[in-house]
Amino acid sequence: MDTKLSMSFLAEPNDANFSGYVHGGKVMKWIDEIGYALAVKYSKKYCVTKFVDDIEFLKPIHIGDLVKLDAEIIKFGNTSLRIKVDVSSTNLIKDNTKKNCECFIVFVALDKKGNKSKINKL
Ligand SMILES: CC(C)(COP(=O)(O)OP(=O)(O)OC[C@H]1O[C@@H](n2cnc3c(N)ncnc32)[C@H](O)[C@@H]1OP(=O)(O)O)[C@@H](O)C(=O)NCCC(=O)NCCS
């Protein structure tokens, strides 16, 4: 079973903050989304965000850059998955890629009643 997931898209004008770079909250939303997708894909259960730590914004993302998120499960718990997410961006004209952000995020699997639920190790 794949324990990694990547996604890429262009940074759009409506992702910008007041200084013209991608809004930090937008980056956090993307991190949460890829973490959610990987947690659900692996566990085959609905998952919720439990904990986010060590989020560091290293460099700004420019509008028009190709943004890439790479997520990997780094710890398999009973009901939780700890996922590392790296965010990078590429200026397509200059062919220049930089690392923008990294963070760790924990998801917990839930059953249909909303209680935490065991994740079967695949
Ligand atoms: C998710 C929820 C059901 C978990 O219930 P809980 O009784 O608090 O869970 P626990 O404290 O037993 O922790 C559950 C798992 O998360 C892990 N965990 C909890 N806090 C953690 C932390 N700070 N760092 C890393 N892992 C953590 C535990 O180790 C446990 O993992 P394991 O079962 O693999 O050993 C409950 O906290 C909840 O509903 N939270 C709200 C979620 C939410 O609304 N998220 C935002 C929207 S998606």
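Scroll up to find the structure.
Overview of the structure.

Parameters at a glance
Residues numbered from 1 in each chain as written. Predicted model: local features only at pLDDT ≥ 70, side-chain atom pairs only at ≥ 80, totals over all residues. Heavy atoms only, no water. Core = buried A, V, L, I, M, F, W, Y, C linked by side-chain atoms within 4.5 Å. Buried < 20%, exposed > 50% of the residue type's maximum accessible area, 1.4 Å probe, protein only. Helix = DSSP H or I, 4+ residues; strand = E, 2+ residues; numbered from the N terminus. Contact = heavy atoms within 4.5 Å. Pairing = 2+ DSSP bridges. Axes fitted to C-alpha atoms, helices over the stretch in contact; angles between N-to-C directions. Near = heavy atom within 4 Å. Polar contact = N/O pair within 3.5 Å; in protein donor to acceptor, adjacent residues only side chain to side chain. Areas by Shrake-Rupley, 256 points an atom, 1.4 Å probe, with all protein chains shown as cover. Phe/Tyr/Trp six-rings, centres within 6.5 Å; stacked < 30°, edge-to-face > 60°. Salt bridge = Lys/Arg side-chain N within 4 Å of Asp/Glu carboxyl O.

1. Concerning the nonpolar core
Here is step 1 of the chain: In this structure, V27, I31, L69, I83, V85 and V87 are the most contacted members of the largest nonpolar core, which totals 25 residues.
Here is step 2 of the chain: Those elements that place two or more of their residues in this core are α1 (24–43), β3 (66–76), β4 (80–91) and β5 (96–110).
Here is step 3 of the chain: Top element by residues in this core is α1. It accounts for seven residues.
Here is step 4 of the chain: Those residues within four positions of L69 in sequence are excluded, and the remaining contacts are L5, S6, M7, F9, W30, I31, I34, V85, D86 and V87.

2. Describing the sheet that holds strand β2 (residues 46–57)
Here is step 1 of the chain: In space, the five strands of this open sheet follow the order β1-β3-β4-β5-β2, with antiparallel pairing throughout. Edge positions in the sheet fall to β1 (4–10) and β2, since each of these pairs with one other strand and no more. Shown here is a sheet whose adjacent strand axes are inclined to one another by a mean of 25°, direction ignored.
Here is step 2 of the chain: Sheet strands in contact with α1 are β1, β2, β3, β4 and β5, and its direction is about 135° off that of β2.

3. Remarks on the site of the ligand
Here is step 1 of the chain: Taken together, V48, T49, K50, F51, G77, N78, T79, S80, V106, V108, L110 and K116 are the residues near the ligand.
Here is step 2 of the chain: Taking K50, its side chain carries an N or O atom lying 2.8 Å from an oxygen atom of the ligand.
Here is step 3 of the chain: With respect to the ligand, the side chain of K116 contributes an N or O atom lying 2.4 Å from an oxygen atom.
Here is step 4 of the chain: Within the complex, the protein chains bury 51% of what would otherwise be the 970 Å² of accessible surface of the ligand.
Here is step 5 of the chain: Taken together, the elements giving at least two residues each to the shell around the ligand come down to β2 and β5.

4. A word on the packing of aromatic side chains
Here is step 1 of the chain: Summed over the entire model, instances satisfying the criterion amount to three aromatic pairs.
Here is step 2 of the chain: Arranged with centres 6.0 Å apart and planes meeting at 65°, the rings of Y36 and Y46 form a pair that is edge-to-face. One end of the pair, Y36, is in helix α1; the other, Y46, is in strand β2, and 10 residues separate them in sequence.
Here is step 3 of the chain: Residue classification places Y36 among the partly exposed positions, given a relative accessible area of 34%.
Here is step 4 of the chain: For Y46, a relative accessible area of 48% puts it in the partly exposed group.

5. Here's the deal with the pattern of salt bridges
One side chain can pair with another of opposite charge once the charged atoms of both are near each other.
Here is step 1 of the chain: The full count for this structure, using the stated rule, is eight salt bridges.
Here is step 2 of the chain: Measuring nitrogen to oxygen at the nearest pair gives 3.5 Å for the salt bridge that ties D53 to R82. Taken together, the positions of D53 in strand β2 and R82 in strand β4 put the pair 29 residues apart, joining distant regions of the chain.
Here is step 3 of the chain: Here R82 falls in the partly exposed class, since its relative accessible area comes to 24%.
Here is step 4 of the chain: Three or more residues joined by partner-sharing salt bridges are found here, namely K84, D86, K99 and E102.

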